[in-house]
Number of protein chains: 2
Amino acid sequence: MLIEILCTGDEILTGKTVNTNYSYMATRLSDLGLSVHWGTTVGDDRDALLLAFRQAAERADAVIVNGGLGPTVDDLSQEVAAEAAGCELVLHEEWLKRMEEFFLKRARTMPPNNRKQAMLPATAEFIDNPIGTACGFAVTIGKARFFFTPGVPREMRKMLDEQIIPRLLAQSGMRNAFRLKRFHSFGVGESRADEILKGIEDLVPGGGVKLGFQAHYPELETKLIVRGTDDADVARKLAPLEAKVRRNLGNFILAEDDATLEKVINDALVARDGSLSTAEMFTSGGIASRMASMPDAERLFRRGVVARALGELREAVGLPVNGGANAITPDTAVEVARALRERSRASHALGVLIDLDEGTDRVDFGGTICIGIVGPDSVSLRQTRLIGGHEWVRLGAAELGLDCLRRHLLGLPVEERIDFEKR
Amino acid sequence: MLIEILCTGDEILTGKTVNTNYSYMATRLSDLGLSVHWGTTVGDDRDALLLAFRQAAERADAVIVNGGLGPTVDDLSQEVAAEAAGCELVLHEEWLKRMEEFFLKRARTMPPNNRKQAMLPATAEFIDNPIGTACGFAVTIGKARFFFTPGVPREMRKMLDEQIIPRLLAQSGMRNAFRLKRFHSFGVGESRADEILKGIEDLVPGGGVKLGFQAHYPELETKLIVRGTDDADVARKLAPLEAKVRRNLGNFILAEDDATLEKVINDALVARDGSLSTAEMFTSGGIASRMASMPDAERLFRRGVVARALGELREAVGLPVNGGANAITPDTAVEVARALRERSRASHALGVLIDLDEGTDRVDFGGTICIGIVGPDSVSLRQTRLIGGHEWVRLGAAELGLDCLRRHLLGLPVEERIDFEKR
């Protein structure tokens, strides 16, 4: 089945807004094996829209249109859809009533403009939008089924998942239930993960399983997409796959699905009624800002100290500057973490020190990273070297520091070789 | 003149990579009044590419194609371009030689695959790529002139500016020299800036001037696009416009062109051989990380302290916690900055304290922000209130803190009402 995505709106066409709706929709569909073969962008222009609808109607079996369902005069999707489908616009009474209630609940009167949002092509199938005033609809133009979705990202996402994807799966004759399971890891590169998990699809006889990866350094996302006849079938298929990924990626898995590394650390600290302080050098607040922005940070996050020079960092946690003996070592990292922990009365302290290479930024620019973690009754330390330019080292060091903290808190080995390190 | 952008590649089509090349190209062209009326995305697929070229050739006067010029078998742009243009591929001897030299300079032998990159349609006009192995070219298909550009962003950007845009301006009959002048400001909203600068185009009789805005909170970018017969003509036109923007946006201008707020602070500190320490609460390292990542940070940035609670922050800079007397006020911010400055022996210290509203995040969630700056011989303070949810307040507070520091360092009034504040 050939699927197209057609995005409308001057903001997108002129590049003022980066088209993240497109990449979200295309990824979501590709993940499910519903492959997108064409993307079109046009502005709020009647002629261009009509031509785009007609050309897509000749090429594709299904077209998802995004945007142009708003209340203003430059929102043209319903009107041009009706013209392309060769029918009139008619008032959808039920949606008009829903909109009036929507405004009433917010103690406002519906502006007359919004009535336009309840005008749908006469042949359209109504598609619900439980969280906004732009309802969706489906209509057939030429040989293709067109699905119209709102431009507001959270409304589009909900409608895509709950309304459009089931219709596309049905239209394509694919099994209807599906699940996307995600694992976030750090330390295993995409090609090694691919190697480690090779053949995983064969665990489920009869198919309906797809493995995929998305690298966003320093993390790797491993995706399992499972389709089945119903939710029970999907769950039955997913179980052995999940088990295998957990076994093979092991301690490198930071978090699953919508969870994050910070969230896992946050929860581990909350569980033991703990608290955290951090000391960092070249990561320049990158560690503190990830932890201090967590919802529980008010309780958990005690103190963050940032300095570019080790002497300055030592002083900031109350240690003597020590003259020339200021080497960046794992022991120094522990010393800094211990002093900070005592000063700030945190249950745990993390110190991430970096000894950077000399000279300007370049692709083989690197740094030696020393990590020290001090908790109420144990200490962890780690040393490694990362290469790949300033930004690469900065991001890698912050991730490594937090990952070591996660491992320390969860009782996992802090020292486990990662693919990025050189030693 | 109708211009289209046609992006190729499976990574873009499937959404794995967000299409920032599209938004860059479209913005750049729109800024110059070369408006883009259609965007297409197709994968590395011969049939889809050929159809996309043919359909674009019927709609447009000029088409910029991005991607598909690499050395591997799935890079199909030259081949399909030749087919659509109805001619053969021929070897471009000069480019082959340039590529061989390119590899030689890097002490490598050119892999045989790369020869493919020197195969161009027989009727093509060669377009130089001084920084990569994918040369560009132009060819006429149907009624449109097609320009082929590499997918690597920095190569595409250079080729667009230096090679494609002058050709498009010539094709459209527009004057050939142009300049994009940018001002970054904080504190003036887009609609007020529009009001303040209304009619600025009229300062230049004969036209060729366009004013534009791009808001990326908390900053606003004001763009002047000037076209003329040659560089001298452009400079002559630009001078009174620049002067008017500087006069009307005044102290709200943070930086111009590629400079940033951090850079301006960095340079002002370097100029006086100064140094900086920062103390922050809810901005959670957002201020430290912006300053500590500057190129001169090794010398300039002394110490950053982050805490979510005022008591903790006071202690971290060596102040007594003070029991219940810990109100967040501008005086407290100055007290914290003064203590931090002394402790870290920095020439300047910035303290940004935030008293957040109670309860969960919501659109009318706000915070009271107190800023204190202590330098060698003067003190500045500022208090305000921002509303708009956690992230809005966090970003606004970090920007306001740095902007007050800029104003302090440059001798400008630190207290000047901004459009975002409520008081």
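Residues numbered from 1 in each chain as written. Chains lettered and ligands numbered in written order. Predicted model: local features only at pLDDT ≥ 70, side-chain atom pairs only at ≥ 80, totals over all residues.

Visitor: What am I meant to see in the overall build of chain A here?
Guide: Helix and strand counts for chain A come out as 14 helices and 17 strands. With respect to the principal axes defined by its C-alpha atoms, chain A has extents near 85 × 55 × 45 Å. Relative to its 423 residues, chain A shows a buried fraction of 46%. Put simply, 66% of the contacts in chain A that link residues at least 6 apart link residues at least 24 apart. (Helix = DSSP H or I, 4+ residues; strand = E, 2+ residues; numbered from the N terminus. Buried ≥ 20, exposed ≤ 12 C-beta atoms within 10 Å, placed from the backbone. Contact = placed C-beta atoms within 7 Å.)

Visitor: Teacher, can you tell me more about the sheet that holds strand β9 (residues 177-186) of chain B here?
Guide: Consider a sheet: its strands pair through backbone hydrogen bonds, and that pairing is either parallel or antiparallel. Residues and elements named next belong to chain B. Taken together, 4 strands build an open sheet; the order of strands is β10-β11-β9-β12 and the sheet is antiparallel. In the strand order of this sheet, the two ends are held by β10 (209-216) and β12 (253-256), each with one partner. Taking each pair of neighbouring strands and ignoring which way they run, the sheet shows an average axis angle of 25 degrees. Sheet topology note: the β9/β12 ladder contains 3 bridges and is antiparallel. Within β12, the position partnered with S185 by the bridge is I253. (Pairing = 2+ DSSP bridges. Axes fitted to C-alpha atoms, helices over the stretch in contact; angles between N-to-C directions.)

Visitor: So what exactly am I meant to see when it comes to the interface of chain A and chain B here?
Guide: Interfaces are frequently sized by the accessible area removed from exposure as the parts join. Each partner contributes residues to the interface: chain A has 45 residues there, and chain B has 45 residues. When contributions to the side of chain A that touches chain B are tallied by element, the ones reaching two or more residues are α2 (20-31), β2 (36-42), α3 (46-59), α10 (286-292), α11 (297-300), β14 (301-306) and α12 (310-316) of chain A. In terms of residue count, α2 of chain A provides more of the side of chain A that touches chain B than any other element does, 8 residues in total. Looking at the side of chain A that touches chain B residue by residue, the class counts come to 18 nonpolar, 21 polar and 6 charged. Relative to strand β14 (residues 301-306) of chain B, β14 of chain A is paired through 3 bridges, and the arrangement is antiparallel. Opposite V305 of chain A, over in β14 of chain B, you have V305 of chain B as the bridge partner. (Nonpolar A, V, L, I, M, F, W, Y, C, P; charged D, E, K, R; others polar.)

Visitor: Help me understand the relation of the copies chain A and chain B in this model?
Guide: Both copies of the chain are placed relative to one another by a rotation about an axis and a shift along it. Of the transformation superimposing chain A on chain B, the axial component is 0.1 Å and the angular component is 180 degrees, with the fit at an RMSD of 0.1 Å. When the rotation and shift are considered jointly, the pair of chain copies conforms to a two-fold rotation axis. When the interface residues of chain A are mapped onto chain B, 100% of them again lie at the interface, so the same face is used by both copies. (Least-squares fit on C-alpha atoms with pLDDT ≥ 70 in both.)

Visitor: Before we go on, may I ask you to explain the packing of helix α9 (residues 261-271) of chain A against helix α14 (residues 390-410) of chain A in this structure?
Guide: Pairs of packed helices are described in terms of their axes, by the angle between the two and the distance that separates them. Residues and elements named next belong to chain A. For the pair α9 and α14, interaxial distance at closest approach is 10 Å and the crossing angle is 35 degrees. For the element pair α9 and α14, the recorded crossing hand is left-handed. Contacts between α9 and α14 involve L261, E262, V264, I265, A268 and L269 from the first element and L402, D403, L405, R406, L409 and L410 from the second. Residue classes in the contact of α9 with α14 are distributed as 9 nonpolar, no polar and 3 charged. (Left-handed = near helix turned anticlockwise from the far one by under 90°.)

Visitor: What is the right way to look at α9 of chain A in this model?
Guide: For an α-helix the count is 3.6 residues per turn, leaving residues at separations of three or four pointing the same way. All names here are of chain A. All buried positions along α9 are accounted for by L261, E262, V264, I265, N266 and L269. On its buried side, α9 packs onto β12 (253-256), β13 (276-280), α10, α11, β15 (348-356) and α14. One or two residues past the end of α9 sits D273, with phi positive at roughly 55 degrees.

Visitor: Looking at this structure, I do not really get the sheet that holds strand β16 (residues 366-374) of chain B. What am I missing?
Guide: Strand order in the open sheet made by the 10 strands is β17(A)-β16(A)-β15(A)-β13(A)-β14(A)-β14(B)-β13(B)-β15(B)-β16(B)-β17(B), with mixed pairing throughout. On the outer flanks of this sheet lie β17 (379-387) of chain A together with β17 (379-387) of chain B, each paired with one strand and no other. Taken over all neighbouring pairs, the strand axes of this sheet differ in orientation by 10 degrees on average, direction set aside. Here strand β16 (residues 366-374) of chain A pairs with β17 of chain A via 9 bridges, running antiparallel. Bridge assignment links I371 of chain A to a residue of β17 of chain A, and that residue is R382 of chain A. Where helix α13 (residues 330-344) of chain A meets the sheet, it contacts β13, β14, β15, β16 and β17 of chain A, and its direction lies at approximately 45 degrees from that of β16 of chain A. In this fold helix α14 (residues 390-410) of chain B packs onto β15 (348-356), β16 and β17 of chain B, with an angle of close to 25 degrees to the strand it touches most, β16 of chain B.

Visitor: Please clarify how the nonpolar core should be interpreted in this entry.
Guide: The tendency in soluble globular proteins is for nonpolar side chains to be buried as a group. One finds F146 and A337 of chain A together with F146 and A337 of chain B to be the most contacted residues of the largest nonpolar core, which totals 234 residues. What F146 of chain A contacts, discounting residues up to four positions off in sequence, is V63, V65, A81, A138, V139 and I141 of chain A. (Core = buried A, V, L, I, M, F, W, Y, C linked by C-beta atoms within 7 Å.)

Visitor: Could you clarify how one ought to interpret unusual backbone geometry in this entry?
Guide: Across residues other than glycine, the phi torsion is negative in most instances, and most of the peptide bonds are trans. Along the chain, Y217 of chain A connects to P218 of chain A via a cis peptide bond; the corresponding omega equals 5 degrees. In this model, D273 of chain B sits at a positive phi of 55 degrees, which is unusual for a non-glycine residue. You can see D273 of chain B is positioned in the loop between α9 (261-271) and β13 (276-280). Using a count of 9 C-beta atoms within 10 Å as the deciding quantity, one classes D273 of chain B as exposed. You will see that R345 of chain B, though not glycine, has its phi angle at about 50 degrees, which is positive. Tracing the chain through its elements places R345 of chain B in the loop between α13 (330-344) and β15.

Visitor: Would you mind going over α14 of chain B with me for this structure?
Guide: Residue and element names in this part refer to chain B. Taking 1.5 Å as the rise per residue, α14 with 21 residues should run 30 Å; its terminal C-alpha atoms sit 30 Å apart, in good agreement. With 15 of 21 residues buried, α14 lies mostly within the body of the structure. Taken from the residues just after α14, G411 is the one with a positive phi, measuring 75 degrees. (Expected span 1.5 Å × (residues − 1).)

Visitor: Explain the pairing of β14 of chain B here, please?
Guide: It is a general feature of regular strands that their side chains alternate between the two faces of the sheet. Residue and element names in this part refer to chain B. Counting buried residues along β14, 6 of its 6 residues qualify, which places the element largely inside the surrounding structure. Relative to β14, β13 is paired through 5 bridges, and the arrangement is parallel. When the sheet's bridge partners are listed, T278 is paired in β14 with G304.

Visitor: Help me understand the environment of H408 of chain A, please; the structure alone is not making it clear to me.
Guide: All names here are of chain A. Here H408 is to be found in helix α14. Assessed through the 24 C-beta atoms surrounding it within 10 Å, H408 is described here as buried. Measuring from C-alpha to C-alpha, the distance between H408 and T20 comes to 37 Å, with 388 residues separating the pair along the chain. If near-sequence neighbours (up to four positions away) are discounted, H408 is found in contact with I373, G375, S380 and V414.

Visitor: How should the packing of helix α3 (residues 46-59) of chain B against helix α4 (residues 77-85) of chain B be read in this particular structure?
Guide: All names here are of chain B. It is the contact of α3 with α4, at a shortest axis distance of 10 Å, that shows an interaxial angle of 50 degrees. Between α3 and α4, the interaxial angle falls into the category oblique. In this structure, the crossing between α3 and α4 has a hand that is right-handed. Residues R46, L49, L50, F53 and R54 of α3 lie in contact with α4, whose contacting residues are V80, A81, E83 and A84. In terms of residue class, the contact of α3 with α4 is made up of 6 nonpolar, no polar and 3 charged. (Parallel < 35°, antiparallel > 145°, perpendicular 65-115°, else oblique.)

Visitor: How should I be thinking about the confidence of the model for chain A in this particular structure?
Guide: Low-pLDDT stretches of the model should not have their predicted coordinates read in fine detail. In the predicted model, chain A carries a mean pLDDT of 92, and 98% of its residues have values of at least 70. With a pTM of 0.80, the predicted complex shows an ipTM of 0.76. (pLDDT = per-residue confidence, 0-100.)

Visitor: When you look at the pairing of β13 of chain B in this model, what are you seeing that I'm missing?
Guide: Residues and elements named next belong to chain B. Counting buried residues along β13, 5 of its 5 residues qualify, which places the element largely inside the surrounding structure. Burial along β13 is two-sided: L276, T278 and E280 facing one way and S277 and A279 facing the other are all buried. Here 5 bridges tie β13 to β15, and the two strands are oriented parallel to one another. For S277, the partnering residue across the bridge sits in β15 and is A349.

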